[in-house]
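Architecture and fold: a report
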Amino acid sequence: GENVEQHPSTLSVQEGDSAVIKCTYSDSASNYFPWYKQELGKGPQLIIDIRSNVGEKKDQRIAVTLNKTAKHFSLHITETQPEDSAVYFCAAATNDYKLSFGAGTTVTVRA
Amino acid sequence: NAGVMQNPRHLVRRRGQEARLRCSPMKGHSHVYWYRQLPEEGLKFMVYLQKENIIDESGMPKERFSAEFPKEGPSILRIQQVVRGDSAAYFCASSPRQEAGNTIYFGEGSWLTVV
């Protein structure tokens, strides 16, 4: 099955700086890569996703890049704000529902 | 425009009891998925259901766990004879149909504690 590794496990950044989270996956057939933000006691919220026919996607302060050859993808958050503090999960799937999640990155934005 | 609704949000059960978790998908969604999140871990796929059909249960434990999505009413994840290791957050998600390009939306979760 698919194995997704996520790094780092914790990330502390100064407000206004950028945050980068990296994930690798094992199944070359994976073609869907969503990122989720989870706040304490809540469900995962989709923040951005990318499909294998696209190398990069951007939505305001959030961007995701995908390198299918190397089987890795990354989340970039620019101009971080305190409300960006949360746990972020990457996931990979060969279809759209059977997501394999990384272990999560706890992001803390210091004011 | 209600999202995916799960209840109860928190459930405490003694070892050996049964736990029933309910999920109502978003309006217009006919596909339901259940995921489990153990403490300090990512979510893990359990089962995919459509109305009256189990499509993929490859992530379900072989014993004590069952899921259904009846023609009327919410989807139910049932755990019989709960053990401490069942303590986790159980998330339901839904989508309008299963095809490429669809996004699945998660509910707020049901936190099960087995004492």
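Just above sits the structure.
Every value quoted in this text rests on a predicted model; they were computed, and no experiment measured them.

Looking at the overall build of chain A
Counting its secondary structure elements, chain A contains zero helices and 11 strands. Ordered by position in the sequence, the α and β elements of chain A form the string β-β-β-β-β-β-β-β-β-β-β. Computed over the C-alpha atoms, the radius of gyration of chain A is 13 Å, within 12% of the 13 Å expected from 2.2 N^0.38 for a compact globule of 111 residues. Dimensions of chain A along its principal axes, counting C-alpha atoms only, are 40 × 30 × 20 Å. The buried share of chain A, reckoned over its 111 residues, is 44%. When contacts within chain A are restricted to residue pairs at least 6 apart in sequence, long-range pairs at least 24 apart make up 54% of them. If the 11 positive side-chain charges of chain A are averaged to one point and the 13 negative ones to another, these points end up 3 Å apart.

Observations concerning the sheet that holds strand 7 (residues 62-67) of chain A
To summarise the sheet geometry, strands pair through backbone hydrogen bonds and adopt either a parallel or an antiparallel arrangement. Residues and elements named next belong to chain A. A sheet is described by the order of its strands in space; here five strands give the open sequence 1-3-8-7-6, paired in antiparallel fashion. Only two strands of the sheet have a single partner each, and these edge strands are strand 1 (4-7) and strand 6 (56-59). The mean angle between the axes of side-by-side strands here comes to 15 degrees, regardless of whether they run parallel or antiparallel. By the bridge criterion, four bridges tie strand 6 to strand 7 in an arrangement that is antiparallel.

Thoughts on the pairing of strand 5 (residues 43-50) of chain B
Residues in a regular strand project their side chains so that they alternate between the two faces of the sheet. Residues and elements named next belong to chain B. With six of eight residues buried, strand 5 is to be regarded as a mostly interior element. As defined by bridge partners, strand 4 (residues 31-37) adjoins strand 5 across seven bridges and the pair is classed as antiparallel. Its bridge partner being in strand 5, Gln37 is matched across the sheet by Leu43. Counting the residues in the hairpin turn of strand 4 and strand 5 gives five residues, including Glu40, whose phi is positive at 65 degrees.

Things to note about the interface of chain B and chain A
Contacts between the two partners involve 24 residues from chain B, matched on the other side by 18 residues from chain A. Both sides together, the interface formed by chain B and chain A hides about 1,600 Å², and carbon and sulfur atoms give 54% of it. Taking the shortest distance from any N to any O, the salt bridge between A:Lys98 and B:Asp56 comes out at 3.5 Å. Joining chain B to chain A, the criterion identifies five residue pairs in polar contact (both at pLDDT 80 or more).

Observations concerning the layout of surface pockets
To locate leftover empty space, one rolls a probe as large as a water molecule over the atoms. Of the voids in this model, the largest pocket is the one considered here, and its volume is about 500 Å³. Mapped by element, the contributors of at least two residues to the lining of the largest pocket are strand 9 (86-92) and strand 11 (105-110) of chain A together with strand 9 (88-95) of chain B. Per element, the largest residue contribution to the lining of the largest pocket is three residues, and it comes from strand 9 of chain A. Residue composition of the lining of the largest pocket, by class: 10 nonpolar, eight polar and three charged.

As for the sheet that holds strand 3 (residues 19-24) of chain B
All names here are of chain B. Strand order in the open sheet made by the four strands is 1-3-8-7, with antiparallel pairing throughout. If you trace the sheet from one side to the other, it starts and ends with strand 1 (5-7) and strand 7 (65-68), each paired once. If you compare each strand with its neighbour and ignore which way they point, the axes differ by 15 degrees on average. Relative to strand 8 (residues 75-79), strand 3 is paired through five bridges, and the arrangement is antiparallel. If you follow Arg20 over to strand 8, its bridge partner there is Arg78.

Here we look at the environment of A:Lys37
Residue and element names in this part refer to chain A. Along the chain, the position of Lys37 falls in strand 4 (residues 32-38). For Lys37 and Thr106, which are 69 residues apart along the polypeptide, the C-alpha to C-alpha distance reads 9.8 Å. When neighbours within four sequence positions are excluded, Lys37 is seen to be in contact with Gly43, Pro44, Gln45, Ile47, Glu83, Asp84, Ala86, Val87 and Tyr88. Only 2.8 Å separates the side chain of Lys37 from the backbone oxygen of Glu83, close enough to count as a polar contact.

A closer look at the packing of aromatic side chains
In this description, a pair of aromatic rings is defined by centroid distance and the angle of the planes. Residues and elements named next belong to chain A. A complete count under the given rule lists 13 aromatic pairs over all chains for this structure. Ring geometry for Phe89 versus Phe101: centroids 6.2 Å apart, planes at 80 degrees, classification edge-to-face. Of this pair, Phe89 sits in strand 9 while Phe101 sits in strand 10 (residues 100-101), and the two are 12 residues apart along the sequence. Like Phe89, the residue Phe101 is buried in the burial classification.

The rules behind the values
- Residues numbered from 1 in each chain as written.
- Chains lettered and ligands numbered in written order.
- Predicted model: local features only at pLDDT ≥ 70, side-chain atom pairs only at ≥ 80, totals over all residues.
- Heavy atoms only, no water.
- Helix = DSSP H or I, 4+ residues; strand = E, 2+ residues; numbered from the N terminus.
- Rg over C-alpha atoms; globule rule 2.2 N^0.38 Å.
- Buried < 20%, exposed > 50% of the residue type's maximum accessible area, 1.4 Å probe, protein only.
- Contact = heavy atoms within 4.5 Å.
- Lys, Arg positive; Asp, Glu negative; His and termini not counted.
- Charge placed at Lys NZ, Arg CZ, Asp CG, Glu CD.
- Pairing = 2+ DSSP bridges.
- Axes fitted to C-alpha atoms, helices over the stretch in contact; angles between N-to-C directions.
- Buried area = accessible area lost by both parts, 1.4 Å probe.
- Salt bridge = Lys/Arg side-chain N within 4 Å of Asp/Glu carboxyl O.
- Polar contact = N/O pair within 3.5 Å; in protein donor to acceptor, adjacent residues only side chain to side chain.
- 1 Å grid on protein atoms, 1.4 Å probe; cavity = no way out; pocket = protein on both sides within 12 Å on 5 of 7 lines; lining within 4 Å.
- Points joined across faces, edges and corners; volume = space filled by probe spheres on them.
- Nonpolar A, V, L, I, M, F, W, Y, C, P; charged D, E, K, R; others polar.
- Phe/Tyr/Trp six-rings, centres within 6.5 Å; stacked < 30°, edge-to-face > 60°.

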